[in-house]
Amino acid sequence: LKYFNHIFDGLCKLFADVDIDVKNGASLLDRLIKDIVTESDTFDVERFIPLLQKYMRRSNPYIRQLLIGWIIVLDSVPDINMLDWLPDFLDGLFNMLSDTNREIRQAAGSAIGNFLNEIKKNATTPALIKISTNSTTTSPSSTTPTVAANNTSSQIPSTTSITSCDKKENENNTAPEIIEFGPMVNILVNQCKNKERLNRITAITWVQDFIKLGKNKLLYFYSELLGAIMYCISDEDLEISQVAESTNTNLLNLVKCTNDEFELSPLLQTLTHELSSHHIPTRLAALRWINMLLEKVQSEMNKYIYELLPALLRTLSDDADEVILLNLEVLARIALLDKNQFQRVLFSIVSLFASNRHLLEVRGSLIIRNLCTLLNAKSIYNALASILGSDENKNIQDSANLDFGTANINHTTCTEKKDVEDKIMTETDTINNERELISTEKILPETCSSDTNTSRVNQTATSPPSSISNNEQNNDTDPRIFLATNTSTTITKGNSTINDLEFRSIMVQTLNLILLTARELDELRNLLLVSLEPNASIEARALFITMFKCWCHNPVATLSLCFAAQAYELASELVMQFASIDVTVGFLMQVDKLVQLVESPIFIQLRLQLLQVHAPFHPPLLKSLYGLLMLLPQSAAFSTLSTRLATVATLRDNLHLPPPLPPTTKINNEEKLQSNSSEVPTASTNLIKSSQATNNEYNTSVNAIGTKHVPNMTELLQVFQAVQLRHKNAHQKTILDCSLINNSNINNIAPISSIISSST
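Residues numbered from 1 in each chain as written. Predicted model: local features only at pLDDT ≥ 70, side-chain atom pairs only at ≥ 80, totals over all residues. Heavy atoms only, no water.

Enquirer: What am I meant to see in a nonpolar patch on the surface here?
Expert: Judged by side-chain polarity, Leu 1, Tyr 3, Ile 7, Leu 14, Leu 29, Leu 32 and Ile 36 come together as a nonpolar surface patch covering roughly 620 Å² of accessible area. Top element by residues in the nonpolar patch is helix α2 (residues 20-39). It accounts for three residues. By secondary structure assignment, the location of Leu 29 is in helix α2. Take Leu 29: its relative accessible area is 33%, and that puts it in the partly exposed class. (Patch = residues over 30% accessible without salt bridge, like charges linked within 9 Å, V, L, I, M, F, W, Y side chains within 5 Å. Areas by Shrake-Rupley, 256 points an atom, 1.4 Å probe, with all protein chains shown as cover. Salt bridge = Lys/Arg side-chain N within 4 Å of Asp/Glu carboxyl O. Helix = DSSP H or I, 4+ residues; strand = E, 2+ residues; numbered from the N terminus. Buried < 20%, exposed > 50% of the residue type's maximum accessible area, 1.4 Å probe, protein only.)

Enquirer: Is there a simple way to think about the side chain of Gln 590 in this case?
Expert: Within the element layout of this structure, Gln 590 appears in helix α29 (residues 585-598). The contacts of Gln 590, once residues within four sequence positions are left out, are Gln 509, Asn 554 and Val 556. (Contact = heavy atoms within 4.5 Å.)

Enquirer: I tried to follow the packing of aromatic side chains on my own but got confused; where do I start?
Expert: How two aromatic rings sit relative to each other is set out by the distance from centre to centre and by the angle between their planes. Taken as a whole and assessed by the stated rule, the structure comprises 19 aromatic pairs. Each ring, one from Tyr 222 and one from Phe 262, has its centre 6.3 Å from the other, and the planes form 70°; the classification is edge-to-face. Within this pair, whereas Tyr 222 is found in helix α10 (residues 222-233), its partner Phe 262 is found in the loop between α11 (238-257) and α12 (264-274), the two being separated by 40 residues in sequence. Take Phe 262: its relative accessible area is 15%, and that puts it in the buried class. An angle of 85° between the planes, with centres 6.3 Å apart, marks the rings of Phe 563 and Phe 603 as edge-to-face. On the criterion of sequence distance, the pair formed by Phe 563 in helix α27 (residues 555-564) and Phe 603 in the loop between α29 and α30 (604-609) is long-range, its members being 40 residues apart. Three or more aromatic residues joined by ring pairs form one cluster here, namely Phe 4, Phe 8, Phe 43, Phe 48 and Trp 70. One cation-aromatic arrangement involves Lys 23 over Tyr 62; the distance from NZ or CZ to the ring centre is 3.5 Å. (Phe/Tyr/Trp six-rings, centres within 6.5 Å; stacked < 30°, edge-to-face > 60°. Lys NZ or Arg CZ within 6 Å of the ring centre and 35° of its normal.)

Enquirer: How should I be thinking about the environment of Tyr 220 in this particular structure?
Expert: By the element assignment, Tyr 220 lies in the loop between α9 (197-214) and α10. With 38 residues separating them in the primary sequence, Tyr 220 and Gly 182 have C-alpha atoms 8.6 Å apart.

Enquirer: For this particular structure, what's the right way to read the state of the cysteines?
Expert: By definition, a disulfide links two cysteine residues through a covalent bond between their sulfur atoms. Inspection of the entire model under this criterion finds zero disulfides. The structure places no disulfide on Cys 192, whose sulfur is separated from the nearest cysteine sulfur, that of Cys 232, by 4.2 Å. Cys 562 carries a free sulfur, and the closest cysteine sulfur to it, the one in Cys 552, is 8.4 Å from it. (Disulfide = S-S within 2.5 Å.)

Enquirer: Help me understand unusual backbone geometry in this model?
Expert: Comment: phi is negative for the bulk of residues other than glycine, and the bulk of peptide bonds are trans. Even without a glycine there, the phi angle at Lys 215 is positive, about 50°. Note on placement: Lys 215 falls in the loop between α9 and α10. Taking relative accessible area as the criterion, Lys 215 reaches 46% and is therefore assigned partly exposed. Here Gln 566, not a glycine, exhibits a phi torsion of approximately 60°, which is positive. Mapped onto the elements, Gln 566 comes out in the loop between α27 and α28 (568-577).

Enquirer: Explain the pattern of salt bridges here, please?
Expert: Within this structure, the stated rule accounts for 16 salt bridges. Salt-bridge contacts for Lys 34 lead to Asp 30; the nearest nitrogen and oxygen are separated by 3.2 Å. Highlighted residues: Lys 34 and Asp 30, both in helix α2, separated by four residues, approximately one helical turn. A salt bridge links Lys 120 to Asp 209; its shortest N-O distance comes to 3.4 Å. Taken together, the residues Lys 120 in helix α6 (residues 102-122) and Asp 209 in helix α9 connect sequence positions 89 residues apart.

Enquirer: What exactly am I supposed to notice about α12 here?
Expert: Residues spaced three or four apart along an α-helix face the same direction, because each turn holds 3.6 residues. Among the residues of α12, those classed as buried are Leu 264, Leu 267, Leu 268, Thr 270, Leu 271 and Glu 274. Along the long axis of α12, the arc covered by the buried residues comes to 160°, so they all point the same way. Exposed side chains of α12 directed beyond 90 degrees from the buried face belong to Gln 269 and His 273. On its buried face, α12 sits against α10, α13 (280-296) and α14 (298-301). (Arc of directions from axis to C-beta.)

Enquirer: Help me out: how do you make sense of the environment of Leu 90 in this one?
Expert: Within the element layout of this structure, Leu 90 appears in helix α5 (residues 86-96). By relative accessible area, which is 0% here, Leu 90 ends up buried. Along the primary structure Leu 90 and Gln 53 are separated by 37 residues, whereas in three dimensions their C-alpha atoms are 9.6 Å apart. Every residue in contact with Leu 90, bar those within four places of it in the chain, is listed here: Met 184, Ile 187 and Trp 206.

Enquirer: Please clarify how the packing of helix α25 (residues 522-529) against helix α26 (residues 538-551) should be interpreted in this entry.
Expert: If you want to describe how two helices pack, look at the angle between their axes and the distance between the axes. Contact geometry for α25 and α26: axes closest at 9 Å, N-to-C directions at 100°. One element, α25, and the other, α26, form an angle in the roughly perpendicular class. Residues Leu 524, Leu 527 and Leu 528 of α25 form the contact with α26, whose participating residues are Ala 540, Leu 543, Phe 544 and Met 547. Tallied by class, residues from the contact of α25 with α26 come to seven nonpolar, no polar and no charged. (Axes fitted to C-alpha atoms, helices over the stretch in contact; angles between N-to-C directions. Parallel < 35°, antiparallel > 145°, perpendicular 65-115°, else oblique. Nonpolar A, V, L, I, M, F, W, Y, C, P; charged D, E, K, R; others polar.)

This is the structure in structure tokens:
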């Protein structure tokens with residue numbers, strides 16, 4: 001036994017010999033040495049393990065057969081516990097599972113199965129499970145810090161070499177050997193990613209049992225184990241994927257229910273990486289983990305949102321609907337952390353839509369509707385309207401191009417940047433709230449100077465902040481400008497304004513269609529319906545004002561918002577403003593769609609109000625609908641709306657009602673009636689009196705509503721005109737920029753008269 005290693009080294013060489021007689025003689029010698037070792041009490045396993053590791057790397061099938069035989073024999077000796085040295089040769093046993101020889105695969109699988117059964121048997125005593133904080137393969141003689149299984153806070157002294165004498169003492173005390181899971185975790189993780197099926201199914205089975213046995217004692221290796229599980233969860237083999245799914249559920253529930261502290265950063269790094277996986281089950285599993293962590297440790301997760309949010313936003317472009325829905329649930333849970341996160345999530349989504357118009361067209365409705373379901377629809381629309389209608393941020397397109405996850409902040413760490421950003425967003429909220437209360441009583445008209453807009457757009461990220469005024473907020477108090485000014489990205493010139501305005505118009509069109517058709521927004525529609533009533537709350541009126549200012553980027557959407565809020569007088573005046581805007585094919589298509597919506601159940605109350613011919617809102621309602629009719633060319637929508645309005649006119653005739661007189665004729669009619677007061681009343685004078693009474697009642701009601709409950713219409717119309725003028729100026733500037741003849745070239749061209757005179 002003193003020379004066992006030398007003898008075993010020669011024995012391995014004999015087993016690799018090509019001569020059959022030599023191999024037969026080596027087999028006899030092998031059996032003889034095994035008998036000597038099993039009957040001896042002084043065999044030094046620790047000296048033998050390095051030699052075993054050396055030959056485990058050999059691919060010769062005869063040597064592998066010899067090694068497996070010796071491992072099984074040594075494991076069967078009562079005085080030798082091979083579990084102590086299992087991490088040293090476990091990887092070699094797993095590699096033998098992919099051997100081309102069927103007998104070797106079976107023998108290696110049998111040995112691995114026996115070791116797993118022994119681990120289960122010895123692990124029934126939790127106090128004897130040892131979890132090393134070092135996941136690398138180590139021998140029992142190595143000194144690694146460990147954590148006691150029964151108490152993660154208590155420390156076990158560093159282990160020393162466990163020889164056969166130590167094992168004899170343990171046998172005499174009838175206590176099982178301590179099992180160290182830590183060094184085996186890295187082996188299992190690597191084997192889970194092996195290209196051979198047998199290796200993967202065996203490794204993931206071990207991981208499953210390790211989680212059941214180690215439980216909270218494996219908290220140092222949660223991220224490594226999770227990475228292996230995520231890899232196998234999308235395996236093409238059904239059995240492997242099912243085992244991985246079950247293992248993932250066990251680990252998720254284990255982390256969810258544990259009261260022990262664990263490190264979030266490695267877990268989130270693994271989950272963030274898995275979000276970019278090409279497999280749907282892996283992405284879904286990663287999102288479930290993030291959702292669970294947001295629910296379990298909200299305060300801790302709040303520190304990592306800045307790094308996590310970009311990966312979640314990229315996942316919104318996923319092809320699978322189930323991934324997007326679960327991702328939206330995660331984003332909604334982030335938004336619920338605090339008010340700053342709510343604004344950050346919504347602004348990030350708007351920025352994503354600005355940079356990816358295809359996503360807005362294909363998935364925009366799905367994303368917004370589900371956010372309204374998961375969160376409060378009123379809060380969602382109020383926040384989106386504030387973002388899109390704000391004049392302080394004219395470059396959503398440019399902000400969307402920033403990589404929030406990898407931005408380099410000079411002299412500032414990510415944590416410090418987040419704290420400063422949260423403080424800035426809080427100050428921004430206070431200023432916005434104060435401005436909203438002011439705008440409820442009086443709406444300040446927006447500036448519409450194209451020069452001012454151009455100068456703001458051309459302002460770079462390094463420009464000094466301007467002071468806060470009534471109409472413009474300091475860039476330093478805006479989180480979006482904060483992000484832009486702290487990166488190397490500068491705001492580009494040129495088409496950024498037109499792109500931004502076009503995006504806002506498209507975004508408002510999408511939001512408006514969802515508002516009018518989605519069942520998830522019934523509560524919001526009901527709130528808008530009562531926002532102009534006498535007993536309406538200030539919050540409801542402020543919501544209408546905020547949405548109106550944003551909806552002004554799309555004329556047809558603005559008109560439909562007035563219909564939804566039953567602001568018919570404002571709608572009738574708004575229709576007249578359509579004469580000054582550019583009527584494009586897209587505009588006419590939106591008008592056509594609005595007519596279809598008027599005929600839908602969503603506007604059934606509007607259609608029934610057409611029957612209330614005595615109501616004060618009836619004339620402006622008719623005027624707005626007739627104005628809509630005048631905008632349409634001869635088409636199916638024109639015929640539909642014309643038939644509807646003709647029915648209303650027929651109703652007045654059937655009820656023998658006089659036609660309503662316009663409010664402008666009120667004074668002339670009064671003078672005419674006073675001059676004819678001495679005359680005998682005739683049918684015509686009675687008709688005029690009746691019509692005058694109706695108009696007086698209408699005007700009184702409208703004036704009462706306008707002064708008490710409806711914001712100043714003139715200022716609202718000024719807001720609409722200013723926004724549309726910005727769109728018009730931006731469009732003209734784009735045409736001018738695309739022209740081959742710019743201003744400098746124009747100045748260099750001589751007048752035609754001078755050219756003619758010189759030629760003559």
